[in-house]
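# Observations on the model geometry
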Amino acid sequence: MSLMPGHIFWRDDALPFIEARSVRDGRGVCYAPHSHETFSIGAILDGCCTYTNRDKREQIGVGTVVLMNPGAVHACNPIRDEPWAYRMLYWDTAWVARVQQELTGRDEGFRPFAPTSTRNARLYRELNRFYDLLVEPQIDALEKHE
């Protein structure tokens, strides 16, 4: 599951539509602007960082949830040498589109999310709770899927 100390990469062949990553000390983790084919959502667990998504740039910290639509150019990097930690979930876009269709009753493909970040405390708590459940080896894939 983990590749280097403080970094966790999680995936399960039984849940091919989602992957997870956690970085406990992101001071040495810098990203050039990039994009993903997936929908990504994450939580800042510690410290602060500079977050750029499309044309928006902001300093964010603990309690912030970030959202990255597929293809959206983004980057998240430490401020100077300050510590920061985060968790990210990467969702298959077609899978998210099916869930959106189930919820709305409309088949429009993937519908991009408008916000690039939020400080919604409930979303932050639930995202972290879900992440903890997802990476817990004692919980089976069916329960994680539900």
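About the thresholds
Counting from 1, residues in each chain are numbered in the order their sequence is written. The model is predicted, so local features are restricted to residues of pLDDT at least 70 and side-chain atom pairs to those at 80 or more, both for listing and for counting; the totals for chains, interfaces and linings are taken over all residues. The basis for every side-chain value is the complete set of non-hydrogen atoms in the structure, without hydrogens or water. Stacked, tilted and edge-to-face pairs are distinguished by plane angle, under 30 degrees for stacked and over 60 for edge-to-face with tilted covering the rest, among Phe, Tyr and Trp rings (Trp via its six-membered ring) whose centres lie within 6.5 Å. Only DSSP runs of H or I covering at least 4 residues are called helices, and only runs of E covering at least 2 are called strands; the numbering of each starts at the N terminus. In this scheme, a residue with accessible area under 20% of its type's maximum is buried, one over 50% is exposed, and one in between is partly exposed, where area comes from a 1.4 Å probe on protein chains only. Only buried residues count toward a nonpolar core. Its members are Ala, Val, Leu, Ile, Met, Phe, Trp, Tyr and Cys residues joined through side-chain atoms within 4.5 Å. Should any heavy atoms of two residues lie within 4.5 Å, those residues are counted as being in contact. Criterion for a salt bridge: a side-chain nitrogen of Lys or Arg within 4 Å of a carboxyl oxygen of Asp or Glu. Neither His nor the chain termini are counted; the positive set is Lys and Arg, and the negative set is Asp and Glu. Under this definition, polar contacts are N or O atom pairs within 3.5 Å; protein pairs additionally need one hydrogen-donor-capable and one acceptor-capable atom, and for neighbouring residues in sequence, both atoms have to be side-chain atoms.

This next bit is on the packing of aromatic side chains. For the structure shown, the criterion picks out 8 aromatic pairs. Each ring, one from F39 and one from F110, has its centre 6.1 Å from the other, and the planes form 40 degrees; the classification is tilted. Remark: F110 occurs in the loop between helix 1 (93–104) and strand 8 (117–118) and F39 occurs in strand 3 (residues 39–53); sequence separation between them is 71 residues. A relative accessible area of 18% means that F110 is categorised as buried. On the numbers, 5.8 Å between centres and 15 degrees between planes, the contact of W91 with F130 is stacked. Pair noted here: W91 is in strand 7 (residues 84–91) and F130 is in helix 2 (residues 121–135), with a separation of 39 residues, a long-range link. The partly exposed category is assigned to F130, whose relative accessible area is 22%.

I18, I41, L89 and W91 are the most contacted members of the largest nonpolar core, which has 21 residues in total. Of all the secondary-structure elements, those providing two or more residues to this core are strand 1 (7–11), strand 2 (18–23), strand 3, strand 5 (65–68), strand 7, helix 1 and helix 2. Broken down by element, the residue count for this core peaks at 5 residues, all from helix 2. Apart from the residues lying within four places of it in its own chain, the contact partners of I41 are V65, V66, L67, R87, M88, L89, W91 and L127.

To continue, consider the pattern of salt bridges. If you walk through the whole model with that rule in mind, you get 7 salt bridges. With a shortest N-O distance of 3.2 Å, E19 and R11 are connected by a salt bridge. Residue classification places R11 among the exposed positions, given a relative accessible area of 59%. One salt bridge connects E58 with K56, and the closest N-O pair in it is separated by 3.8 Å.

Our next topic: the side chain of R21. With respect to the helices and strands, R21 occurs in strand 2. Nearest to the buried, unbridged R21 among oppositely charged side chains is E19, at 9.4 Å. Polar side-chain contacts of R21 include one of 2.7 Å to the side chain of Y31. For R21, the contacting residues outside a window of four places in its chain are H7, I8, F9, Y31, Y86, R87, M88, Y90 and Y131.

Once that is clear, we can look at unusual backbone geometry. A positive phi is found at R54, a non-glycine position, where the angle reads about 55 degrees. Within the element layout of this structure, R54 appears in the loop between strand 3 and strand 4 (56–61). Look at R80: it is not a glycine, yet its phi comes out positive at around 50 degrees. Its place among the elements puts R80 in the loop between strand 6 (74–78) and strand 7. The class for R80 is exposed, based on a relative accessible area of 70%.

That's the geometry; what it means functionally is another story.
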